[in-house]
2 protein chains.
Amino acid sequence: MKMNLSKIIVQKYGGSSVATPEKIKGVALKVKSKVLEGNKMAVVVSAMGKTTDALLKLAGEVASHLTPREIDMLLATGEQAASALLALALNDIGVRSVSRNAFQIGIVTSNNYSNARIVDMNLKRLEEDYKTYDVIVITGFQGITEDGDLTTLGRGGSDTSAVAIAAKAGAVCEIFSDVAGIYTADPNMIKGAKKLDAVTYDEMLELAALGAKVLHSRAVELAKIYDVTLYCGATFSDEKGTFIMKNLPEWLEHPVVTGVTLARNQIKFSLVCVNNGDNALSKLFHALAENFVNVDMISTAMSAKESKEIYITFSVIDTPIGGNSAREVTAKTVRECLGVEPEIEEAVKVSAVGVGMNSASGVAGRYFDALNKCGVEVLGVTTSEIKISVLVRINQAETALRALVDEFDLKQCEE
Amino acid sequence: MKMNLSKIIVQKYGGSSVATPEKIKGVALKVKSKVLEGNKMAVVVSAMGKTTDALLKLAGEVASHLTPREIDMLLATGEQAASALLALALNDIGVRSVSRNAFQIGIVTSNNYSNARIVDMNLKRLEEDYKTYDVIVITGFQGITEDGDLTTLGRGGSDTSAVAIAAKAGAVCEIFSDVAGIYTADPNMIKGAKKLDAVTYDEMLELAALGAKVLHSRAVELAKIYDVTLYCGATFSDEKGTFIMKNLPEWLEHPVVTGVTLARNQIKFSLVCVNNGDNALSKLFHALAENFVNVDMISTAMSAKESKEIYITFSVIDTPIGGNSAREVTAKTVRECLGVEPEIEEAVKVSAVGVGMNSASGVAGRYFDALNKCGVEVLGVTTSEIKISVLVRINQAETALRALVDEFDLKQCEE
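Residues numbered from 1 in each chain as written. Chains lettered and ligands numbered in written order. Predicted model: local features only at pLDDT ≥ 70, side-chain atom pairs only at ≥ 80, totals over all residues. Heavy atoms only, no water.

Draft legend 1. Focus on the interface of chain A and chain B. Facing the 41 residues of chain A at the interface are 41 residues of chain B. Seen at the junction of chain A and chain B, the total is 4 salt bridges. Where Asp149 of chain A meets Arg125 of chain B, a salt bridge forms, and the shortest distance between an N and an O atom there is 3.8 Å. Linking chain A to chain B there are 22 residue pairs in polar contact (both at pLDDT 80 or more). Among the elements of the structure, α1 (21–36), α2 (51–62), α3 (68–92), β3 (97–100) and α4 (102–105) of chain A are those that each provide at least two residues to the side of chain A that touches chain B. Per-element tally for the side of chain A that touches chain B: the top contributor is α3 of chain A, with 16 residues. Broken down by class, the residue content of the side of chain A that touches chain B amounts to 21 nonpolar, 11 polar and 9 charged. (Contact = heavy atoms within 4.5 Å. Salt bridge = Lys/Arg side-chain N within 4 Å of Asp/Glu carboxyl O. Polar contact = N/O pair within 3.5 Å; in protein donor to acceptor, adjacent residues only side chain to side chain. Helix = DSSP H or I, 4+ residues; strand = E, 2+ residues; numbered from the N terminus. Nonpolar A, V, L, I, M, F, W, Y, C, P; charged D, E, K, R; others polar.)

Draft legend 2. Here's a closer look at the pairing of strand β6 (residues 135–139) of chain B. Residues and elements named next belong to chain B. Across the 5 residues of β6, 5 count as buried, placing the element largely inside the fold. Burial of the side chains of β6 extends over both faces: Val135, Val137 and Thr139 are buried on one face and Ile136 and Ile138 on the other. Relative to β6, strand β2 (residues 41–45) is paired through 5 bridges, and the arrangement is parallel. Its bridge partner lying in β6, Val45 is registered against Thr139. In this sheet, β6 lies alongside strand β3 (residues 97–100) in parallel orientation, the contact comprising 4 bridges. Its bridge partner being in β6, Ser97 is matched across the sheet by Val135. (Buried < 20%, exposed > 50% of the residue type's maximum accessible area, 1.4 Å probe, protein only. Pairing = 2+ DSSP bridges.)

Draft legend 3. Just the sheet that holds strand β17 (residues 380–384) of chain A, in detail. Residue and element names in this part refer to chain A. Reading across from one edge, β14-β15-β13-β16-β18-β17 is the order of the 6 strands in this open sheet, with antiparallel pairing throughout. For this open sheet the edge positions go to β14 (295–302) and β17, each flanked by a neighbour on one side alone. Strand after strand, the sheet turns through a mean of 30° between neighbouring axes, direction not considered. Pairing geometry for β14 and strand β15 (residues 309–317), over 6 bridges, is antiparallel. Bridging across to β15, Met302 finds its partner in Ile310. Each of β13 (259–274), β15 and β16 (343–353) touches helix α11 (residues 326–338); the most contacted strand, β13, lies at about 30° to it. (Axes fitted to C-alpha atoms, helices over the stretch in contact; angles between N-to-C directions.)

In structure tokens:
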């Protein structure tokens, strides 16, 4: 009889969860407890701890120009070793288990090395394996091209592998790491930030800054497309984690704002120029794109005067572009393109996210009131259906965040 | 047009030759020099330095009972990483190169994990690759089963991979390591031992004790079957190495004795018993085999007396058998089987090897004379067509070796 794969549990363990032999044995025990409840499992693992970094360092020591195909061949060994070790640990405690790499499980990807996209997956091997084994340990992060070359999936790759397997099998996907779930705000910054029981895919995508350590947005996008219910929890704790799903369950109280985030490393540019037949905006943002500038927020205002002045504020993410700083490249582009000198200021983006914003009215009012009351100056604004983001000065960022946490009840009840 | 694979050069580099990024770059330069001469190459690599040991240590830390299939999955990562790194280094210095693992090159083996035998190889991929690349870097030591499970080939596995590829392609095979070739005697023991220009497969197999660090006998056996010419040389030296081939070239002076070896760790057992209808020998060696005793030399003599006494001397290799010593297991077996108490003595096997023995007469006479002259007592003798081995006492072993080196001219000429 054919195995119903939708009943399997797909779990993914990140690199820090399998960083040492002791942790691998700990993961094996955690997996065993689910097997003892009668489950068949697919367990996706990342490379142990800092293995990937160590391999990249070696690569840099043998070559200055790195061939992407060979880097993927090299990096893929990390997940294969971790998978074999977990299967060894599982077999050792009496769990019938086997490890499978991308070749064996048939995870077919595009051939853009280091950032490949999964295009197909053949789960026949899994169905076959479950006749003999209870747990199939699968290498995360890697795939093969149609030609049989190894590829890797880029950042968040193992999460993506796990979600893809769950999607194909029609199963749920549990992602385990050092972080116990998704919080209303960064618990390192806001003492008493609440852990959320559940968030929607869209909220999770907007909360990426909070969730980056827990879950890569690419995996969330994939989960959204295939409607895979995700669960994020801590590997070595029984604390309840967070579900990520299409719609929040009925029994859950639906808050207006689910969480607030800070995104640092923003540089704000403000300028005024004459709007030469609406051409200025188009010219500017084309030129920035051509110079590889990563523009984040954009807001503009027109002057009502005859001169048709246009006020442009935009923010740029402060990462190096080639050998230069984003600040230099952007300023030079503005000058060459529009012939004006921009005002430049370092800034932080503060965002509030929540599907509840869709239906609740007055959220923006409460938002700006809260900031105003504590003297935070808003330098720029953008909104989406479920998010309001503002740019603020660096020294006002935490004040802004705390004001929003208080305004939208994002702290745990005092005990 | 189809590529003529018999013109490729197959090279193999051992673990110590690729132990560091610097050494990998050195190997890349060595390979490049051959490519610049217009060659297409297949380069087989072992895992870097002590990688295999480190992986086995990790395995021992996650599990006490090791699943052989998972050990092979784990160990296979070592060669894959080394292959990718060498391909990176080659591409970096402008050599068109790609790495291929056992899946990609189609090295099919039996499924006895950790000691698999190569059963088939599909070189179509190589032919295809040479349209684009000059050097294909291939993972040594590993194969895949018909079911697509990874296997490893056991000790000397990478040598075996290289010879198998050369055999299938009809090409020569160059094995590089820290050792510059095959010597007439262990150069660490005999100052001035000569490096041999060439030896035959059969000599090499008998000289295994000298060649163990250079070349595994399994690879030599395979080379013999498929008549693959082997060359052993040092990775990081231009010194001439040693050819291993079916017949020595005409221009070479054919010495009577090619080399001498010492095999330590022998235990000599001597006993006398009544030959009960020729049954004693058969009973004894069956019983020893059943008890996993590794018997090396056997020599016997019959008494001419009515009592039909039989004198048996045999040597056993001193390795643990289960939890016991070979000495204990063997003595117990002799007692139980024949009801006599053996004399036991630690000994060394001294051998002289040479295809020249086949045709030259008086070699045995010179051999025993040389030992006799310096007072070495011979405790046992065995011979093959190209080898004479004697057992001697431990404290006479080096004297015996030196006597043979002098008798058979195995030293370099004094300068």
